[in-house]
Amino acid sequence: RRGKARAALHEYTAALADLLAAAHANPKSKQVREEYKTVKADKARHEAAEAFRRETEAGMKRMALEKACDHGSTKAPSGAPADRSCVDLPGSAKVVELSDDDEDD
């Protein structure tokens, strides 16, 4: 029961540990084995969704910074980390990159 409760709270690692302990205590329980498989699949889906969210968020931030650079500024746009600045590239594109001041770290 605790494994199911932890899975419902998205505490997948703890839920899997509880279900594994339950499986060792009752190796013939088909219900425990099936719940373990379900929670393991749920954990994988959750991790994939989190990775996608992080990648999407990073891409959106990068696009916003690049758009700010397109307005002619060479300084870090408002809201950008202080170690970022706009840099001209061939073809009139601008990108955000580390400032020269902080590259020696």
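Small disclaimer: the values here were computed from a predicted structure and weren't measured. (Residues numbered from 1 in each chain as written. Predicted model: local features only at pLDDT ≥ 70, side-chain atom pairs only at ≥ 80, totals over all residues. Heavy atoms only, no water.)

(A) Here's a closer look at the overall build of the protein chain. When helices and strands are counted, the protein chain shows three helices and two strands. Mapped in sequence order, the helices and strands of the protein chain form the string α-α-α-β-β. In the protein chain, buried positions account for 19% of the 105 residues. In the protein chain, the proportion of contacts linking residues at least 24 apart, taken out of those at least 6 apart, comes to 26%. Counting only carbon and sulfur atoms, one obtains 54% of the accessible surface of the protein chain, whose full area is about 8000 Å². (Helix = DSSP H or I, 4+ residues; strand = E, 2+ residues; numbered from the N terminus. Buried < 20%, exposed > 50% of the residue type's maximum accessible area, 1.4 Å probe, protein only. Contact = heavy atoms within 4.5 Å. Areas by Shrake-Rupley, 256 points an atom, 1.4 Å probe, with all protein chains shown as cover.)

(B) Region of interest: the side chain of E35. Its place among the elements puts E35 in helix 3 (residues 30-69). For E35, which is buried and forms no salt bridge, the nearest opposite charge comes from K4, at a distance of 4.3 Å. Setting aside anything within four residues of it in sequence, one finds E35 in contact with K4 and L19. (Lys, Arg positive; Asp, Glu negative; His and termini not counted. Salt bridge = Lys/Arg side-chain N within 4 Å of Asp/Glu carboxyl O.)

(C) Geometry of the nonpolar core. Core analysis: the largest hydrophobic core is formed by six residues, namely A7, Y12, A15, L16, L19 and V39. Top contributing element to this core by residue count: helix 2 (residues 12-25), with four residues. What V39 contacts, discounting residues up to four positions off in sequence, is A7, Y12, A15, L16 and L19. (Core = buried A, V, L, I, M, F, W, Y, C linked by side-chain atoms within 4.5 Å.)

(D) How the structure looks around the layout of surface pockets. As a volume, the largest pocket reaches approximately 180 Å³. Residue lining of the largest pocket: R1, R2, G3, K4, D18, L19, A22, Q31, V32 and E35, and that is the complete set. Secondary-structure elements contributing two or more residues to the lining of the largest pocket are helix 1 (2-8), helix 2 and helix 3. (1 Å grid on protein atoms, 1.4 Å probe; cavity = no way out; pocket = protein on both sides within 12 Å on 5 of 7 lines; lining within 4 Å. Points joined across faces, edges and corners; volume = space filled by probe spheres on them.)

(E) Representation of the environment of R6 in the model. With respect to the helices and strands, R6 occurs in helix 1. Along the chain, R6 and D18 lie twelve residues apart, while their C-alpha atoms are 8.8 Å from each other. Excluding residues that lie within four positions of it along the chain, R6 makes contacts with E11, A14, A15 and D18.

(F) Seen up close, the pattern of salt bridges. A full pass over the atoms with the stated rule returns seven salt bridges. Salt-bridge contacts for K30 lead to E34; the nearest nitrogen and oxygen are separated by 3.8 Å. With a gap of four residues between them, K30 and E34 both fall in helix 3, about one helical turn apart. According to the relative accessible area criterion, K30 is exposed, its value standing at 53%. Note that E47 is salt-bridged to K43, the shortest N-O span being 3.9 Å.

(G) The arrangement of unusual backbone geometry in detail. Even without a glycine there, the phi angle at H10 is positive, about 65 degrees. Note that H10 resides in the loop between helix 1 and helix 2. Under the relative-accessibility criterion, H10 is labelled partly exposed at 49%.

Keep in mind these numbers describe shape, not what the thing actually does.
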